[in-house]
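# Geometric and topological summary
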Amino acid sequence: MDLNDRQRVFVAWLNRLEEETGRLHALLERESRVLRERKIDLLQDLVGEKNERVERIEALLAQAPVQAGTEEERVEGLICDLKLQDTPTAGKWRWLRRRMEECRMLNEANGATIALLQEHNNRALVLLFGQRRDRVCYGADGRGLSDGGERLLVTT
């Protein structure tokens, strides 16, 4: 199929979006493995990479060669305008939408895992020190103050 200039620009844009989304998906899967294996020291770098990748995808979506509406509506409208609805390009867009949804779900699952790990750490601190870390108060002399009445397993 011979493409006109507008179609070529759109297909090039869609290919870049597909590439960035694939990289994001791979990062999210790696983040999931790191969380399962409790290799928390690797997590910070992954989060930084993930945020950069998300920013690139958002920038690409903002550059979509289309006008108003949600990204999905705009791209689907452009596919119709460019008469690409019965081409592999339309199939690529449908696949890419599913892949972006997978990324969203993976990111939410990873976030939930991180929240559970944080809660586990907070509970461990309560067991060890008798109070939540966010409830630690300090007196004028710099010593930690307890709410009183809590039994400590460890004192500092």
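In what follows, the accompanying structure is described.

About the criteria used
Residues numbered from 1 in each chain as written. Predicted model: local features only at pLDDT ≥ 70, side-chain atom pairs only at ≥ 80, totals over all residues. Heavy atoms only, no water. Helix = DSSP H or I, 4+ residues; strand = E, 2+ residues; numbered from the N terminus. Expected span 1.5 Å × (residues − 1). Polar contact = N/O pair within 3.5 Å; in protein donor to acceptor, adjacent residues only side chain to side chain. Axes fitted to C-alpha atoms, helices over the stretch in contact; angles between N-to-C directions. Parallel < 35°, antiparallel > 145°, perpendicular 65-115°, else oblique. Left-handed = near helix turned anticlockwise from the far one by under 90°. Nonpolar A, V, L, I, M, F, W, Y, C, P; charged D, E, K, R; others polar. Buried < 20%, exposed > 50% of the residue type's maximum accessible area, 1.4 Å probe, protein only. Arc of directions from axis to C-beta. Salt bridge = Lys/Arg side-chain N within 4 Å of Asp/Glu carboxyl O. Core = buried A, V, L, I, M, F, W, Y, C linked by side-chain atoms within 4.5 Å.

Note that an α-helix has 3.6 residues per turn; residues three or four places apart therefore point the same way. With 32 residues, helix α1 (residues 5-36) should cover 46 Å at 1.5 Å per step; its first-to-last C-alpha distance of 47 Å lies within 8% of that length. Looking at where α1 begins, the residue whose side-chain oxygen comes 3.0 Å from the main-chain nitrogen of Arg6 is Asn4. Count one or two residues on from α1 and you reach Arg38, which has phi positive near 60°.

What follows covers the packing of α1 against helix α4 (residues 88-129). Taken N-terminus to C-terminus, the directions of α1 and α4 make an angle of 25°; their axes are 9 Å apart at the nearest point. Taken together, the axis directions place α1 and α4 in an arrangement best described as roughly parallel. Note that α1 runs across α4; the crossing there is left-handed. Class assignment for the residues of the contact of α1 with α4 results in 15 nonpolar, eight polar and six charged.

If you check helix α2 (residues 43-62), its first and last C-alpha atoms are 28 Å apart, about what 20 residues at 1.5 Å a residue would give, namely 28 Å. Among all positions of α2, only Leu43, Leu46, Lys50, Arg53, Ile57, Leu60 and Leu61 are buried. With its buried residues spanning 105° around the axis, α2 presents them on a single face. Among the exposed residues of α2, those pointing more than 90 degrees away from its buried face are Gln44, Asp45, Glu55, Glu58 and Ala62.

Among the structural elements, Trp93 can be located in helix α4. Taking the C-alpha atoms as reference, Trp93 lies 8.3 Å from Glu76; in sequence the two are 17 residues apart.

Taken as a whole, this structure holds 13 salt bridges when the rule is applied. A salt bridge links Glu76 to Arg97, with the nearest nitrogen and oxygen atoms 2.5 Å apart. You can see Glu76 sitting in helix α3 (residues 71-81) and its partner Arg97 sitting in helix α4, a full 21 residues away along the chain. Accessibility expressed as a relative area gives 31% for Glu76, which makes it partly exposed. Salt-bridge contacts for Arg104 lead to Glu108; the nearest nitrogen and oxygen are separated by 2.5 Å. Within this pair, Arg104 and its partner Glu108 are both found in helix α4, separated by four residues, close to a single helical turn. Through salt bridges that share partners, Glu19, Glu20, Arg23 and Arg53 make up one connected network.

Turning next to the environment of Arg56. Along the chain, Arg56 turns up in helix α2. Sequence spacing of Arg56 and Leu17 is 39 residues, and the spatial spacing of their C-alpha atoms is 8.8 Å.

Moving on, we come to the nonpolar core. One finds Phe10, Trp13, Leu14, Leu17, Val75, Ile79 and Trp93 to be the most contacted residues of the largest nonpolar core, which totals 21 residues. In terms of residues, this core owes the most to one element, α1, which gives seven residues. Membership of the second largest hydrophobic core comes to six residues, among which are Leu27, Leu43, Leu46 and Leu117.

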